[in-house]
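Residue-level structural notes
Read off the chains here:
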Amino acid sequence: MIKSNNDVLGIDIGSSLIKMAQVTLGKSTELVKMGYVENPVPKFSSEQSAETDRELVKAIKSCYRQNDFSTERASLCLSEPSAIFRDARLPEMKNEEILENIKYEISEYFSIDIDQYTVTYRILAKEENEGRVVLRVLGVAVPSSLIARYVRILRKAGLKPAYMDVATNAYLKMMKRMKKDISQEQAVCIMDYGHAALTISVFDNGIPFVTREVAMDWEVDNFDTVATVLSQVLDYYYSRNYTSHIQRVWVSGGNGYINDFCQYVSMQTGVQVEVVRPDMFDIINKAPEDVPMGIYFKAIGAAIREELAI
């Protein structure tokens, strides 16, 4: 296969699976191919050693070969509890001034040594306030040592790290590529039902409003617990937004494909719950139609280059 200079391999290292998606970027976004392998180090984040890193390198190489990917440029989605987020409003200023202010906001709010973190930001919106422009900014900080470790692993696997991303930003990029009948909804809820955690994120007018992550201490087919957590997040959103309504909840993650999951949670919560599908997006899909896109949601989003990549 001929390589494209615009191709990026998005990688999502989950606790169960390592997912990869090759995307071509240009005037249009093209999903070229996808593939996964089992993660041999399900507790990779907490169990760091030379051996775990070697195992992860082997798995990434195996996934690359098995699925015949053709680009070495890689972007990794960081789904790390150690990533810190801070939503701030700042007066309009230069980029370097925004970065310095975000560093100050994060270091003060979380009481951390900001010099040990890599910090970046994304401008979510520009608002008018009494004749002044106010920037709505999402800042993120990730331990520099963690990024360095991931970079080493990717390089040892024969890949060329292009940038790092975080799940929230991957979601935002995918939302921007939703077709108009979906993207025009004021509030969008994405529920990631993964192997080790349930993560529910609500975006209001394209801006992250609330994210709740719950470690799974229940059986995977205990849909009542999922419905309860979702209802709590929706109630929180409605308690602070009286005029908007969440019409649909979009499900990603492998457990979202369990039989009757979406139907049951829909009945329990009264909101339409659906697994994400390729036809929802303005993305040219060259992968087989039966590939479950929800499993690769963060990997695809990570491959798309926009602000906030580290």
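Residues numbered from 1 in each chain as written. Predicted model: local features only at pLDDT ≥ 70, side-chain atom pairs only at ≥ 80, totals over all residues. Heavy atoms only, no water.

Describing the sheet that holds strand S3 (residues 30–38)
Operational definition: Paired strands are those between which DSSP finds at least two bridges. Strands here are runs of E lasting at least two residues and helices are runs of H or I lasting at least four, both read from the DSSP assignment and numbered beginning at the N terminus. In this description, contact between two residues means that some pair of their heavy atoms is separated by no more than 4.5 Å. Orientation is described by axes fitted as lines to C-alpha atoms, over the contacting stretch for helices, and by angles from 0 to 180 degrees between their N-to-C directions.
Spatially, six strands are ordered S8-S4-S1-S2-S3-S14 in an open sheet, and the strand pairing comes out mixed. The two strands at the open ends of the sheet, each matched to only one other strand, are strand S8 (160–166) and strand S14 (284–285). In terms of strand pairing, S3 meets S14 through two bridges, oriented parallel. Opposite Leu31, over in S14, you have Asn285 as the bridge partner. The sheet contacts of helix H3 (residues 144–156) involve strand S1 (7–13), strand S4 (73–78) and S8, and relative to S8 the element is tilted by about 140°.

Some words on the confidence of the model for the chain
The following threshold applies: Residue-level confidence of the predictor is what pLDDT reports, using numbers from 0 through 100.
The pLDDT averaged across the chain works out to 89; a share of 94% of its residues lies at or above 70. Averaged over each element, pLDDT in the chain is lowest for helix H5 (residues 180–183) (69) and highest for helix H7 (residues 261–269) (97).

Quick notes on the sheet that holds strand S6 (residues 117–129)
Within the open sheet, the three strands sit side by side as S5-S7-S6. Their pairing is antiparallel. Two strands bound the open sheet, and with one partner strand each, they are strand S5 (84–91) and S6. Across the sheet, the axes of successive neighbouring strands diverge by a mean angle of 20°, strand direction being ignored. Relative to strand S7 (residues 132–143), S5 runs antiparallel, the two sharing eight bridges. Note on S7: the bridge partner recorded for Ala88 is Val137. Sheet strands in contact with helix H2 (residues 95–110) are S5, S6 and S7, and its direction is about 130° off that of S5.

Concerning the environment of Ala157
Looking at where Ala157 falls in the secondary structure, it is placed in the loop between H3 and S8. Taking C-alpha positions, Ala157 is 9.1 Å from Tyr64, a pair spaced 93 residues apart along the chain. Here Ala157 is in contact with Val57, Ile60 and Lys61, once residues within four sequence places are set aside.

A word on the nonpolar core
Rule in force here: Nonpolar cores are built from buried Ala, Val, Leu, Ile, Met, Phe, Trp, Tyr and Cys residues. Side-chain atoms within 4.5 Å join them into one set. Exposed residues in this analysis have more than 50% of their type's maximum accessible area, buried residues have under 20%, and partly exposed residues fall in between, with area computed by a 1.4 Å probe over protein chains only.
Within the largest apolar cluster, 39 residues are counted, with the highest numbers of intra-cluster contacts made by Met34, Met174, Phe281 and Ile300. Of the residues forming this core, the biggest block, six residues, is contributed by helix H4 (residues 167–176). In this view, Phe281 contacts Met174, Arg177, Met178, Lys179, Val276, Met293 and Phe297; residues no more than four positions away in its chain are not counted. Of all hydrophobic cores here, the second largest spans 29 residues; its members include Ile11, Ile60, Ile153 and Ala157.

As for the pairing of S6
Summarising the sheet, S6 and S7 pair through 12 bridges and their orientation is antiparallel. Residue pairing in the sheet places Asn129 in a bridge with Arg132 of S7. Linking S6 back to S7 in an antiparallel pair, the connection comprises two residues, with Glu130 at a positive phi of about 55°.

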